[in-house]
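# Chain and residue survey
One-letter residues, chain by chain:
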Amino acid sequence: MKVGSLVTYIGPWVPGIFPEDRTREPSYGIVIQLEKEYHGTNICVHWMDAEEIFWHEETDLVVISV
């Protein structure tokens, strides 16, 4: 995974992104920042459907395209 990678979310539902959909986060996002020296939510993703950015853990994301 690197900045610019296309990712999808596979982690647990997080309220507030799509309140009407309690099963999934936005479908596709682009990694815009990586913080290697931090643990936990160290990957910043711009979610295209939500038009928002959120910080995630690497285990909650799957790379679609590098």
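What counts, and where the lines are drawn
Residues numbered from 1 in each chain as written. Predicted model: local features only at pLDDT ≥ 70, side-chain atom pairs only at ≥ 80, totals over all residues. Heavy atoms only, no water. Helix = DSSP H or I, 4+ residues; strand = E, 2+ residues; numbered from the N terminus. Buried < 20%, exposed > 50% of the residue type's maximum accessible area, 1.4 Å probe, protein only. Phe/Tyr/Trp six-rings, centres within 6.5 Å; stacked < 30°, edge-to-face > 60°. pLDDT = per-residue confidence, 0-100.

### Overview of the environment of Ser27
Assignment of secondary structure puts Ser27 in the loop between β1 (6-9) and β2 (29-34). We classify Ser27 as partly exposed; its relative accessible area is 34%.

### Section: the packing of aromatic side chains
What describes a pair of aromatic rings is the distance from one ring centre to the other and the angle between the planes of the rings. With the rule as written, the count across this model stands at 1 aromatic pair. Plain terms: the ring middles of Tyr9 and Trp47 are 6.3 Å apart, the flat faces sit at 85° to each other, and that makes the pair edge-to-face. Taken together, the residues span a long stretch of sequence, with Tyr9 in strand β1 and Trp47 in strand β3 (residues 43-47) at a distance of 38 residues. Take Tyr9 and Trp47: they sit in the same class, and that class is buried.

### Overview of the confidence of the model for the chain
If pLDDT is low for a region, its predicted coordinates should not be looked at in detail. Per-residue confidence for the chain gives a mean pLDDT of 85, with 82% of residues at or over 70. The least confident element of the chain, judged by mean pLDDT, is strand β4 (residues 52-56) at 90; the most confident is β2 at 96.

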